[in-house]
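# Topology and contacts: notes
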Amino acid sequence: MESKGLNVIHEVLQTRPWITEVKNGEQAMIRWKATSFKLEFNNQQLINHYSNHSEITNKQKLYVNIQHNTFLKCHLPQTYIIRKTEDLIKFIQHLKEGLVFLLKPTNQNRGQGIGLFKNLSQLKILALDHKEYIIQEYIRPYLIEGRKFDFRIWVLLDQNRKLYWCREGYLRLSSEKFNYEDTENKYIHLTNWAIQKDHKRFGSRESGNQISFNQFNKIEPRFQKLIIQKFKQIIVCVFELCIAKIDPYHYKGTFELFGFDFMIDPNLNVYLIEINTNPCLERCSNWLKILIPRMLNNLFAIVIDQFFKKQCTNIFPLDGYPLDENIWEQLCVL
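So, here is what we can say about the structure in this document. Please read all numbers here as calculations on a predicted model, not as lab measurements.

Reading the values: rules and limits
Residues numbered from 1 in each chain as written. Predicted model: local features only at pLDDT ≥ 70, side-chain atom pairs only at ≥ 80, totals over all residues. Heavy atoms only, no water. Helix = DSSP H or I, 4+ residues; strand = E, 2+ residues; numbered from the N terminus. Buried < 20%, exposed > 50% of the residue type's maximum accessible area, 1.4 Å probe, protein only. Areas by Shrake-Rupley, 256 points an atom, 1.4 Å probe, with all protein chains shown as cover. Arc of directions from axis to C-beta. Contact = heavy atoms within 4.5 Å. Patch = residues over 30% accessible without salt bridge, like charges linked within 9 Å, V, L, I, M, F, W, Y side chains within 5 Å. Salt bridge = Lys/Arg side-chain N within 4 Å of Asp/Glu carboxyl O. Lys, Arg positive; Asp, Glu negative; His and termini not counted. Charge placed at Lys NZ, Arg CZ, Asp CG, Glu CD. Disulfide = S-S within 2.5 Å. Pairing = 2+ DSSP bridges. Axes fitted to C-alpha atoms, helices over the stretch in contact; angles between N-to-C directions.

The next thing to look at is the overall build of the chain. Helices and strands together make up the secondary structure of the chain, namely 11 helices and 13 strands. If one aligns the C-alpha atoms of the chain with their principal axes, the spans along those axes are about 60 × 40 × 35 Å. Taking all 334 residues of the chain together, 56% fall into the buried category. Total accessible area on the chain is roughly 15,800 Å²; 48% of this is exposed by carbon and sulfur atoms.

Moving on: helix H6 (residues 120-127). Those residues of H6 lying buried are Gln122, Leu123 and Ala127. End-on, the buried residues of H6 take up no more than an arc of 130°, which puts them together on one face. Facing away from the buried surface of H6 by more than 90 degrees, the exposed residues are Lys124 and Ile125. Lining the buried residues of H6 we find helix H5 (85-92), strand S4 (101-105), strand S5 (115-117) and strand S6 (133-137).

Right, let's get into a positive patch on the surface. Positive charge collects at one region of the surface, where Lys177, Lys200, Arg201 and Arg205 lie side by side. With respect to the helices and strands, Arg205 occurs in the loop between helix H8 (193-196) and strand S10 (210-212). According to the relative accessible area criterion, Arg205 is partly exposed, its value standing at 38%.

So, about the state of the cysteines. Across all of its chains, the model carries 0 disulfides by this definition. This cysteine, Cys166, is not joined by any disulfide, and Cys280 carries the nearest cysteine sulfur, 15 Å off. With a relative accessible area of 1%, Cys166 lands in the buried category. Cysteine Cys237 shares no disulfide, and the gap to the nearest cysteine sulfur, in Cys242, comes to 8.7 Å. By relative accessible area, which is 12% here, Cys237 ends up buried.

So, about unusual backbone geometry. The residue Arg161 is not glycine, and still its phi comes out positive at about 60°. Mapped onto the fold, Arg161 is located in the loop between strand S7 (149-157) and strand S8 (162-166). Judged by relative accessible area, which is 15%, Arg161 ranks as buried. One non-glycine residue, Leu268, lies in the positive phi region at around 70°. Position of Leu268 relative to the elements: it lies in the loop between strand S11 (256-264) and strand S12 (270-277).

Okay, the pairing of S8 next. The buried fraction of S8 amounts to 4 of the 5 residues, a majority that puts the element mostly inside the structure. For S7 and S8, the ladder comprises 3 bridges, and the chain directions are antiparallel. Within S8, the residue paired with Leu157 across the bridge is Leu163. In sequence, S7 turns back onto S8 through a hairpin of 4 residues, with Arg161 there showing a positive phi of about 60°. In terms of strand pairing, S8 meets strand S13 (residues 328-333) through 5 bridges, oriented antiparallel. For Trp165, the partnering residue across the bridge sits in S13 and is Glu329.

Here we come to the sheet that holds S4. Spatially, S3-S6-S4-S5 is the arrangement adopted by the 4 strands of the open sheet, whose pairing is antiparallel. Two strands close off the open sheet at either side, each with one partner strand: strand S3 (79-82) and S5. Neighbour to neighbour, the strand axes of the sheet diverge by 25° on average, direction disregarded. Alignment of S4 against S5, held across 3 bridges, turns out to be antiparallel. Considered in S5, the bridge of Phe101 is made with Phe117. Packing against the sheet, H5 makes contact with S3, S4, S5 and S6, and its axis sits at approximately 150° to S3. Here H6 sits on the sheet in contact with S4, S5 and S6, set at roughly 160° to S5.

Structure representation (structure tokens):
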């Protein structure tokens, strides 16, 4: 077993006394691995990746697979795929004074390799380090106390192709006030915990620069009724479009936890930014110390306990939810 947040996965699994750890992954009945690289998929093991999850977790593939859907196109930043020199030449025609763009490597996460630019000279410097990447027009964001943020939403696709979303997630806030023109300061624009944790004022306003959905709903009362519904519609639409590519072989034991990242603008328009495989499970704030164990325990109730026809008592309390209530909500069957 290997993954970001390994300790919490162990802790939650240990509440199931019928599960024991083995050193040889080939002999295990359950495998949880950071990546699907070199995984051999079969119908005997529970494996925490779909064989072709990269169809939505690779930034280029995601855009290629959903760009022609009328509904989803309204919820994507303007995106350009750069694979060869001709692609870059075409994009340069879209450079306009006053616009800011982001360059994103296709396969990296946690904010790695992302850069901002507003002119050709800046772009050339950023592009030197990458052969293939995407460019997205920067969205002017809704701000909290003058700071940028995004939403991390957990999504589960279980071994029966049932699609769930976790009713609780979190917002990640930047450490510095927003400035559209300052393209050099990553602490303004990249809200990833892996980036923000190095800022001298990290955690000075919120534990881990993170807040809960309930906290945000007090700031923006339209969140629960309007924005969450849009999140769910986008999630379902992505999987309906891509399920045949994600799961072409119908293995019986594959499931996956995804991290969907969303942003909103001042008019409450919702944008899907990216989808992550193996989302970070670090308990890096007071909220996540409480939420992540409950989220995983309820996920395992759906995936592991049902697969092995076992039951496990929940010991992870969460305000607003009885102990016996699962915080995962089924959206559809694909």
